[in-house]
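# Summary of structural features
Below are the chains, spelled out letter by letter.
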Amino acid sequence: MKKIQIAVDGPASSGKSTVAKIVARDLDLIYLDTGAMYRVATLVAMQEQTQDPQVIINFIEENPISFANGPKGQEVFLGERNVTDVIRTNEVTNAVSKISAMPEIRSFLVAEQQRIAKEGGIIMDGRDIGTVVLPNAELKIFLVASVEERAERRYKENRSKGIPTDLERLKSEIAARDHKDSTRKVSPLKQAEDAVLLDSTGKSIADVVAFIETRAKRLI
Ligand code: CDP
Ligand code: CDP
């Protein structure tokens, strides 16, 4: 089987990581959650109480980010520490766009993402995968959904985990993050010219997976 690269970009909660994980399993590709890497950098900034990108980078160089498959799915590590849950807290979510707008942080993490992509067939999800990280990816998907539907998906997800959430607040936080991610100077969220636009509003996870896999299988 040919080892292909698939880039999945799109706004918050459009379903990128959910579908990318399934496609990775079905097509035997590496899955890389680049958002988790920006979340880890944000966690470091918070715990070290710094906004200096070089301090954040030095910390990550000493305590590298790694991924491993655990009982609940993919787990994220900072050095030896399992940070899977702590990088998903509201505090990190609401601070991440600021850290991910730092050019030094972006070039550091992009280099790492490109190194991992050399290891074999890969599906990566994020904001700048099709435009910057994997400009030559064989398949690029730009996955969107209405802000209302995305907020409702997160709301349901939080409720199923027992996390109290306010739907209206979630909607405004998602819209605010979309705005910051799309208007930043470095590598803003935007559809690559050769990306396929997929609007998942009203579509099931299975529908979205089938759409991507049909296109991917033509390339393998
Ligand atoms: O899962 P969710 O959509 O909430 O976000 P994520 O994919 O975990 O990404 C968290 C944040 O990291 C985004 O809001 C972006 O600010 C940043 N990010 C980025 O700038 N570039 C990427 N390739 C991936 C994420
Ligand atoms: O990675 P990203 O932030 O784009 O989204 P996600 O964390 O994969 O998905 C957000 C939520 O939407 C998850 O609870 C999914 O189960 C749900 N969902 C979806 O991903 N795709 C659909 N077509 C419908 C629901």
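What counts and what doesn't
Residues numbered from 1 in each chain as written. Chains lettered and ligands numbered in written order. Predicted model: local features only at pLDDT ≥ 70, side-chain atom pairs only at ≥ 80, totals over all residues. Heavy atoms only, no water. Helix = DSSP H or I, 4+ residues; strand = E, 2+ residues; numbered from the N terminus. Rg over C-alpha atoms; globule rule 2.2 N^0.38 Å. Buried < 20%, exposed > 50% of the residue type's maximum accessible area, 1.4 Å probe, protein only. Pairing = 2+ DSSP bridges. Near = heavy atom within 4 Å. Polar contact = N/O pair within 3.5 Å; in protein donor to acceptor, adjacent residues only side chain to side chain. Areas by Shrake-Rupley, 256 points an atom, 1.4 Å probe, with all protein chains shown as cover. Nonpolar A, V, L, I, M, F, W, Y, C, P; charged D, E, K, R; others polar. pLDDT = per-residue confidence, 0-100. Axes fitted to C-alpha atoms, helices over the stretch in contact; angles between N-to-C directions. Contact = heavy atoms within 4.5 Å. Expected span 1.5 Å × (residues − 1). UniProt positions renumbered as here; feature names shortened; annotations may be inferred. Parallel < 35°, antiparallel > 145°, perpendicular 65-115°, else oblique. Left-handed = near helix turned anticlockwise from the far one by under 90°.

## Observations regarding the overall build of the chain
For the chain, the count of helices and strands is nine helices and eight strands. Relative to its length of 220 residues, the chain is compact, with a C-alpha radius of gyration of 17 Å against a globular reference of 17 Å. With the C-alpha coordinates aligned to their principal axes, the bounding extent of the chain is approximately 50 × 40 × 40 Å. Out of the 220 residues belonging to the chain, those deemed buried represent 45%.

## As for the sheet that holds strand S4 (residues 73–78)
The strand order across the open sheet built from three strands is S3-S4-S5, with neighbouring strands paired in antiparallel fashion. Two strands close off the open sheet at either side, each with one partner strand: strand S3 (65–70) and strand S5 (81–82).

## Some remarks on the site of ligand 1
Inspection of the region around ligand 1 gives 20 residues, with Arg39, Ser100, Arg106, Arg177 and Asp181 positioned closest. At 2.8 Å, a side-chain N or O of serine 100 approaches an oxygen atom of ligand 1. One nitrogen or oxygen atom from the side chain of aspartate 181 is found 2.7 Å from an oxygen atom belonging to ligand 1. In isolation ligand 1 has 540 Å² of accessible area, and contact with the protein removes 98% of it. Contributing elements (two or more residues each) for the shell around ligand 1: helix H2 (34–47), helix H4 (90–100) and helix H8 (167–183). In terms of residue count, the dominant contributor to the shell around ligand 1 is H2 (four residues). A class-by-class count of the residues in the shell around ligand 1 yields four nonpolar, six polar and ten charged.

## Side note on the confidence of the model for the chain
When pLDDT is averaged along the chain, the result is 96, and 100% of the positions lie at 70 or above. If you check the scores for this complex, the pTM reads 0.96 and the ipTM reads 0.97.

## Things to note about the sheet that holds strand S1 (residues 5–9)
Overall, parallel pairing links the five strands, which are arranged S2-S6-S1-S7-S8 in an open sheet. A strand with exactly one partner marks an edge of an open sheet, and here the two such strands are strand S2 (30–33) and strand S8 (196–199). Neighbouring strand axes in the sheet, compared pairwise and without regard to direction, differ in orientation by 20° on average. The strands that helix H1 (residues 16–27) touches are S1, S2, strand S6 (122–126) and strand S7 (139–144); relative to S6, the one it contacts most, it runs at about 175°.

## A few points about H2
For H2, with 14 residues, the first-to-last C-alpha span of 20 Å sits near the 20 Å given by 1.5 Å per residue. Across the 14 residues of H2, eleven count as buried, placing the element largely inside the fold. Within the span of H2, buried status applies to Thr34, Ala36, Met37, Tyr38, Arg39, Val40, Ala41, Thr42, Leu43, Val44 and Ala45. By the N-cap criterion, in which a side-chain oxygen at the helix start approaches the backbone nitrogen of a residue two or three places on, H2 is capped by aspartate 33, the distance to glycine 35 being 3.2 Å. At the C-terminal side of H2, glutamine 49 shows a positive phi close to 50°.

## What about the UniProt feature "domain: Cytidylate kinase" (unreviewed entry) in the chain?
Per the UniProt annotation, the sites labelled "domain: Cytidylate kinase" (unreviewed entry) are residues 6–213. Spanning residues 6–213, this segment combines 51% helix with 18% strand, and its end C-alpha atoms are found 10 Å apart.

## Description of the packing of helix H7 (residues 147–160) against H8
Describing two packed helices takes the angle between their axes plus the distance from one axis to the other. In contact at an axis separation of 9 Å, H7 and H8 are set at 120° when each is read in the N-to-C sense. For the element pair H7 / H8, the angle class is oblique. Note that H7 runs across H8; the crossing there is right-handed. Where H7 approaches H8, its residues Val147, Glu148, Arg150, Ala151, Glu152, Arg154, Tyr155 and Asn158 are matched on the opposing element by Leu167, Leu170, Lys171, Ile174, Ala175, Arg177 and Asp178. Looking at side-chain class alone, the contact of H7 with H8 contains seven nonpolar, one polar and seven charged residues.

## A closer look at the site of ligand 2
Lys16, Ser17, Thr18, Glu157 and Lys203 are the nearest of the 14 residues found near ligand 2. The separation between an oxygen atom of ligand 2 and a polar side-chain atom of serine 17 is 2.9 Å. Between ligand 2 and threonine 18 there is a distance of 2.5 Å, counted from an oxygen atom to a side-chain nitrogen or oxygen. Burial of ligand 2 by the surrounding chains reaches 82%, relative to a free accessible area of 540 Å². Those elements that provide at least two residues to the shell around ligand 2 are H1 and H7. Within the shell around ligand 2, the residues separate by chemical class into two nonpolar, six polar and six charged.

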